[in-house]
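Residue-level structure breakdown
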Amino acid sequence: KIKKHEANTALKLVVMKILIFLLSLSFANCLFAQNTNEQYSTIGITAADYQELVRDSTHGLAIDHFHKNETGLLELVFSESELQYLSSLGISYEVIIKDYKRHFQKLVNKSAHGRVECGLNIFDAGNMGGYHTFDQMLEHIQSMEDQYSDYVDISIIGYSVEERPIYAVKISDNPEIDESDEEGVVYFEALTHAREPMSLEVTLHYMWWLLENLEDDVEVNYLISNREIYFVPIVNPDGYVYNEVTDPNGGGLWRKNRRIENNGCVGVDLNRNYPKGWGLDSGSSNDPCTETYRGENPLSEPETAAVADFVAQIQPSIAFSSHTYGDKFLSPWGYVDSLASY
């Protein structure tokens, strides 16, 4: 039932990326070995020190995900190596949670004693610390197509570095017909960064919400009848599966894809591999060992090329890229202070 989408050769990504942050992590810097066995800690820094990190954009630290706590400190999660580097930059910090992975497992064990109701009949808890694995995501979208064949169409828009398929799901009243001349096109994607599983959860939940309520909810019926809605639930399958292998109970901290560079460092930050603003050192790095490595060229990665081609074909009026942490709703572009104009 899964059909392969014929790739469009256009490379221009014409998408308005709005990042919804719910649950965040930061990872390792270039000057240290990429070691997933390191201990990670939740730390807090002052807003002034954070601004200093923003001004010094050459460090390669992933500081785009943070949370302001009740004391006014900005919370981030860093590895032992990153904390050493942070100290070398003269940035002081307060340790809030010493061992993040142990803290995560305590939360998982606590939540396992009670059932969390989500208001849907089919949506369930996944096996990876409550999150769905790659295979479970596939089971869910296949179940959607099986149960709602008149409204769901699945395609493969490309393949990852390690040859895993990148799936797209269309939900509409005529999913196999292009009705974009008469209906608005909307695009959703999730799991660009592998350690942000909540982005997959909110995406799957919304998809099931649309399908389960398409007959009884006036708003849903309108959306299904008057919109072409596309979803890419997992942009970065390799990084996500890597976290499944290293941390099957959840809490895996790998961020990038799994591109192996000549110097032995692994991964490109897919969110920084798109053409818009590529090559700027503010917020990205040219060092393959950093968490914000942007890749050798724009769209050098098969994952971003697949998304760019797909978006160029469907031409959405609105697009949402779900990330995690901080109850933030960001509008483009991330590398300048002014809003994008269209």
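Use the structure listed above.
Rules of the game
Residues numbered from 1 in each chain as written. Predicted model: local features only at pLDDT ≥ 70, side-chain atom pairs only at ≥ 80, totals over all residues. Heavy atoms only, no water. Helix = DSSP H or I, 4+ residues; strand = E, 2+ residues; numbered from the N terminus. Buried < 20%, exposed > 50% of the residue type's maximum accessible area, 1.4 Å probe, protein only. Pairing = 2+ DSSP bridges. Contact = heavy atoms within 4.5 Å. Axes fitted to C-alpha atoms, helices over the stretch in contact; angles between N-to-C directions. Lys, Arg positive; Asp, Glu negative; His and termini not counted. Salt bridge = Lys/Arg side-chain N within 4 Å of Asp/Glu carboxyl O.

**Comments concerning unusual backbone geometry**
- Cis geometry is adopted by the peptide bond preceding Trp333, which originates at Pro332 and carries an omega value of 0°.
- With respect to the helices and strands, the residue Trp333 is situated in the segment after β12 (328–330).
- Positive phi, normally seen in glycine, also occurs at Gln315, with a value near 50°.
- Within the element layout of this structure, Gln315 appears in the loop between α8 (302–314) and β11 (318–322).
- What makes Gln315 partly exposed here is its relative accessible area of 46%.

**Some words on the sheet that holds strand β3 (residues 40–45)**
- Strand order in the open sheet formed by 4 strands is β4-β5-β3-β6, and the pairing between neighbours is antiparallel. Of all strands in the sheet, those bounded by a partner on one side alone are β4 (67–68) and β6 (94–97).
- Helix α1 (residues 47–55) rests against β3 and β5 (74–79) of the sheet, and its axis sits at about 105° to β3.

**A word on the side chain of Arg258**
- Here Arg258 shows up in the loop between α7 (237–246) and α8.
- Glu162 provides the closest opposite charge to the buried, unpaired Arg258, separated from it by 4.4 Å.
- Sequence-distant contacts of Arg258, defined by excluding residues within four places in its chain, comprise Val161, Glu162, Asp238, Gly239, Tyr242, Val266 and Gly267.

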